[in-house]
Amino acid sequence: MRAVVFETPGIENLKIMDMPKPKPGPGEVLVRVKYAGVNPVDYFTINNKNARPIPHIPGAEFSGVIEEVGPGVGGVNVGDEVVIYNRLFDGTCRYCLMGHEELCVNSGLIGVVTQGGFAEYVVVPTTNALKVPKGVSLDEAATLPVGALTAWHMLNRAEVHPGEVVAVFGATGNVGSYAIQFAKLRGAIVVAVSRRADRVRQALMELGADYVVTPDDVKQVINELSEGLGADVVVDAVGQSTWNPSFSIVAKYGRWVTAGALTGGDVTLNLPSLYSREVLVIGSTGGTRAELRVLLNLLSKRRIRAPIYTKLDLERVKDAFDIMFKNENRVGKVLLTP
């Protein structure tokens, strides 16, 4: 089978190779990949020495069709269209029993600690393969397990309510483009923040943003909307580069939530600024299988959209990363088609 492979860390070391077609074992299914999302987690995996096995196939987000089932598999059949919940979990630890597979003490990401979806075929545990409902295409489904699920979990953690002012930093990205929709779905007033505001304003407003501003202008707009009080919720998965402007606009008793550190993870927090405003700083990672099922249902009912910027052949994987990080007009997902 064709696959994107690296043996030495680094985007420049990616190559298309012919790899053995995997065989499903007990409790596993073989999925023929139709679409694979390109995400920052894949970039960091490719540039990290901790990926395994080596040679390694990255790809943490994908959908496809079940081609073969292993011994003892139930609930899914050959021919089923599925999207893959990418967090491995044991199902027995304290957090799994609470319904929080994303916090499993024995967890790892498919595509990081196992071979991933930048390939024609991949083997995954049956428990990670969720059937795609009617009305949802496989390219749409492929945008959910990383970007959409992360955003949904963040807004659940932040408990966004109708009428609240929500600022979304990194609004054009995989997480941001969904966070806008989910905040609007909850009845919030949504301020999308992007350094490319002029280029992407129309696209972000079509997703539900009420205002589209740059980081330099966000404080003024938030103050006008809140009579100087600040944003009730700030969603920021960007990291170090947006920490100061994003945390500074949180209202008293507001919530600041993050699920990423794309531009760096080390920030300086002024404790009096935190406790005097009674701000909640919330960490969030991935999401649960139950939440992914909710997203599939919302998409099937057309309550949300799957923002897809472009689809590229597997051979153009390096171009895909360039588009994700450098394209000034991108809003939404870059997909690979094995």
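Before reading further, recall that the structure is shown in the block above.
If you're wondering where the values come from, they're calculated on a predicted model, not measured in any experiment.

Caption draft 1: Representation of the sheet that holds strand 14 (residues 250-258) in the model. Spatially, 6 strands are ordered 12-11-10-13-14-15 in an open sheet, and the strand pairing comes out parallel. The open sheet is flanked by strand 12 (211-213) and strand 15 (280-283), the only strands paired with a single partner. Adjacent strand axes in the sheet meet at a mean angle of 20°, parallel and antiparallel pairs treated alike. Where strand 14 meets strand 15, 4 bridges bridge the pair, whose relative direction is parallel.

Caption draft 2: Layout of the nonpolar core. I180, F182, L204 and V235 are the most contacted members of the largest nonpolar core, which has 50 residues in total. Ranked by residues supplied to this core, first place goes to helix 4 (residues 144-158) with 8 residues. The contact partners of I180, leaving out residues within four places of it in the chain, are V168, A171, V190, A192, L204, L207, G208 and A209. Formed by 41 residues, the second largest nonpolar core is a distinct cluster that contains I46, Y121, V334 and L336.

Caption draft 3: A look at the pattern of salt bridges. Taken as a whole and assessed by the stated rule, the structure comprises 16 salt bridges. Put simply, K184 and D210 hold a salt bridge, and the shortest N to O gap is 2.8 Å. Of this pair, K184 sits in helix 5 (residues 176-185) while D210 sits in the loop between helix 6 (197-207) and strand 12, placing them 26 residues apart in sequence. Assessed through its relative accessible area of 34%, K184 is described here as partly exposed. Salt-bridge contacts for R195 lead to E328; the nearest nitrogen and oxygen are separated by 3.5 Å. Here R195, found in the loop between strand 11 (189-193) and helix 6, pairs with E328, found in the loop between helix 11 (317-326) and strand 17 (333-337); they are 133 residues apart in sequence, far enough to count as distant. Salt bridges sharing common partners tie together R2, E120 and E315.

Caption draft 4: Structural view of unusual backbone geometry. Across the junction of R52 and P53, the peptide omega takes the value -5°, indicating a cis bond. For P53, the location among the structural elements is in the loop between helix 1 (40-46) and strand 4 (62-69). Going from I54 to P55, the amide bond is cis rather than trans, its omega being -5°. Relative to the assigned elements, P55 resides in the loop between helix 1 and strand 4. With a phi angle near 55°, E159 is a residue other than glycine that sits in the positive phi range. With respect to the element layout, E159 can be found in the loop between helix 4 and strand 10 (165-169).

Caption draft 5: Inspection of the side chain of N174 at higher detail. Looking at where N174 falls in the secondary structure, it is placed in the loop between strand 10 and helix 5. There is a polar contact of 3.2 Å between the side chain of N174 and the backbone oxygen of V38. Separated by 2.9 Å, the side chains of N174 and N39 make a polar contact. With sequence-adjacent residues up to four places away left out, N174 is seen in contact with V38, N39, P40, G147, A148, M324, R330, G332 and K333.

Caption draft 6: How the structure looks around the pairing of strand 11. For strand 11, the tally of buried residues reaches 4 of 5 residues, placing the bulk of the element in the interior. In terms of strand pairing, strand 10 meets strand 11 through 5 bridges, oriented parallel. In the strand pairing of strand 11, V166 is matched with V190. Each parallel crossover has a hand, and for strand 10 linked through helix 5 to strand 11 it is right-handed. The sheet contact formed by strand 11 and strand 12 spans 3 bridges and is parallel.

Caption draft 7: Looking closely at the packing of helix 4 against helix 5. Following both chains from N to C, one finds helix 4 and helix 5 inclined at 40°, their axes separated by 9 Å at the closest point. For the element pair helix 4 / helix 5, the angle class is oblique. The chirality of how helix 4 crosses helix 5 is right-handed. For the pair helix 4 and helix 5, the contacting residues are L144, G147, A148, A151, W152 and L155 in the first and Y178, A179, F182, A183 and L185 in the second. Split by residue class, the contact of helix 4 with helix 5 holds 10 nonpolar, 1 polar and no charged.

Cut-off values and rules
- Residues numbered from 1 in each chain as written.
- Predicted model: local features only at pLDDT ≥ 70, side-chain atom pairs only at ≥ 80, totals over all residues.
- Heavy atoms only, no water.
- Pairing = 2+ DSSP bridges.
- Helix = DSSP H or I, 4+ residues; strand = E, 2+ residues; numbered from the N terminus.
- Axes fitted to C-alpha atoms, helices over the stretch in contact; angles between N-to-C directions.
- Core = buried A, V, L, I, M, F, W, Y, C linked by side-chain atoms within 4.5 Å.
- Buried < 20%, exposed > 50% of the residue type's maximum accessible area, 1.4 Å probe, protein only.
- Contact = heavy atoms within 4.5 Å.
- Salt bridge = Lys/Arg side-chain N within 4 Å of Asp/Glu carboxyl O.
- Polar contact = N/O pair within 3.5 Å; in protein donor to acceptor, adjacent residues only side chain to side chain.
- Right-handed = clockwise from strand over helix to strand, strands pointing away.
- Parallel < 35°, antiparallel > 145°, perpendicular 65-115°, else oblique.
- Left-handed = near helix turned anticlockwise from the far one by under 90°.
- Nonpolar A, V, L, I, M, F, W, Y, C, P; charged D, E, K, R; others polar.

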